[in-house]
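Topology and contacts: notes
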Amino acid sequence: MSDNWMIVIPVDPVAAPPKERTKAAFDLLCALRSEAQDAELHISDTPEFFDGGSNFESVFCPFCQTDIWDWWIKAIDEWRNGTNHRALSAEMPCCGRVTTLNELDYVWPQGFACIAITLMNPDSDLEPAERQQVELALGLPVRVIWRHI
Ligand SMILES: [Zn+2]
């Protein structure tokens, strides 16, 4: 048995939308994917990392497209062991440009967030119009992560 989780997070890793907006987005997602199981709302004070499980294949520099897997393994370890989880800033090992761990080119998408809505085994990805509805409810642009376990 394997499961697929759809994880919806704000694009902004430190965004903390009001409770009623978070609840509205949660209720909407539950209604849009009523076949899904175990819907959950995660809220934390500092960003958590939401990964794609076995869907995570590779990671590239967003500026020059260099494969930065080896660097990333150390960077995510340092972040996990660090005391300030809001510190996501990262200097690329390839071209020296500065971005954040949240804005790397992950295949498939992954990200950091203080709130996340997770649904187990929904039938399909969000259609663009559905995604827009969710963003309107939450009041923020979102990123959709598919975690395969
Ligand atoms: Zn680069």
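Structure first, text after, so check above.
Criteria and cut-off values
Residues numbered from 1 in each chain as written. Predicted model: local features only at pLDDT ≥ 70, side-chain atom pairs only at ≥ 80, totals over all residues. Heavy atoms only, no water. Helix = DSSP H or I, 4+ residues; strand = E, 2+ residues; numbered from the N terminus. Expected span 1.5 Å × (residues − 1). Buried < 20%, exposed > 50% of the residue type's maximum accessible area, 1.4 Å probe, protein only. Arc of directions from axis to C-beta. Contact = heavy atoms within 4.5 Å. Phe/Tyr/Trp six-rings, centres within 6.5 Å; stacked < 30°, edge-to-face > 60°. Donors = N, O, S within 2.8 Å, 3.2 Å for Na, K, Ca; no water. Pairing = 2+ DSSP bridges.

1. Some remarks on unusual backbone geometry
That bond from valine 107 to tryptophan 108 is cis: its omega, -5°, falls within 30 degrees of zero. Relative to the helices and strands, tryptophan 108 resides in the loop between strand 6 (105–107) and strand 7 (111–120). A positive phi angle, near 50°, is found at aspartate 38, a position not held by glycine. The topology assignment puts aspartate 38 in strand 2 (residues 37–50).

2. Focus: helix 1 (residues 19–32)
For helix 1, built from 14 residues, the straight-helix expectation of 20 Å at 1.5 Å per residue is met to within 8% by its first-to-last C-alpha distance of 20 Å. For helix 1, the set of buried residues is Thr22, Ala25, Phe26, Leu28 and Leu29. The buried residues of helix 1 occupy an angular sector of 165° when projected down its axis, which confines them to one face. Those residues of helix 1 that are exposed and angled more than 90 degrees off the buried face are Lys19, Glu20 and Ala31. Those residues of helix 1 that are buried lie in contact with strand 1 (4–10), strand 2, strand 7 and helix 3 (128–138).

3. Quick look at the packing of aromatic side chains
The tally for this structure, following the rule as stated, stands at 8 aromatic pairs. Here the aromatic rings of phenylalanine 56 and tryptophan 72 are separated by 5.0 Å at their centres, their planes lie at 70°, and the arrangement is edge-to-face. On the criterion of sequence distance, the pair formed by phenylalanine 56 in the loop between strand 2 and strand 3 (58–60) and tryptophan 72 in helix 2 (residues 69–81) is long-range, its members being 16 residues apart. Across the pair, tryptophan 72 and phenylalanine 56 agree in class, each one buried. Between the aromatic rings of tryptophan 79 and phenylalanine 112, the centroid separation amounts to 4.9 Å while the plane-to-plane angle is 80°, which identifies the pairing as edge-to-face. Of the two residues, tryptophan 79 sits in helix 2 while phenylalanine 112 sits in strand 7, which places them 33 residues apart along the sequence.

4. Focus: the coordination of the zinc ion
All of the protein donors around the zinc ion are Cys61 (SG), Cys64 (SG), Cys94 (SG) and Cys95 (SG); their distances to the metal are 2.3 to 2.4 Å. Of note, the donors binding the zinc ion are all from one chain and are spaced C-x2-C-x29-C-C. Taken as a pair, cysteine 61 in the loop between strand 3 and helix 2 and cysteine 95 in the loop between strand 4 (89–91) and strand 5 (98–100) lie far apart in primary sequence, 34 residues in all.

5. With respect to the pairing of strand 1
Burial analysis of strand 1 places 6 of its 7 residues in the buried class, which makes it a mostly covered element. Bridge count for strand 1 against strand 7 is 4 bridges, and the pairing is antiparallel. Bridged to methionine 6 within strand 7 is leucine 119.

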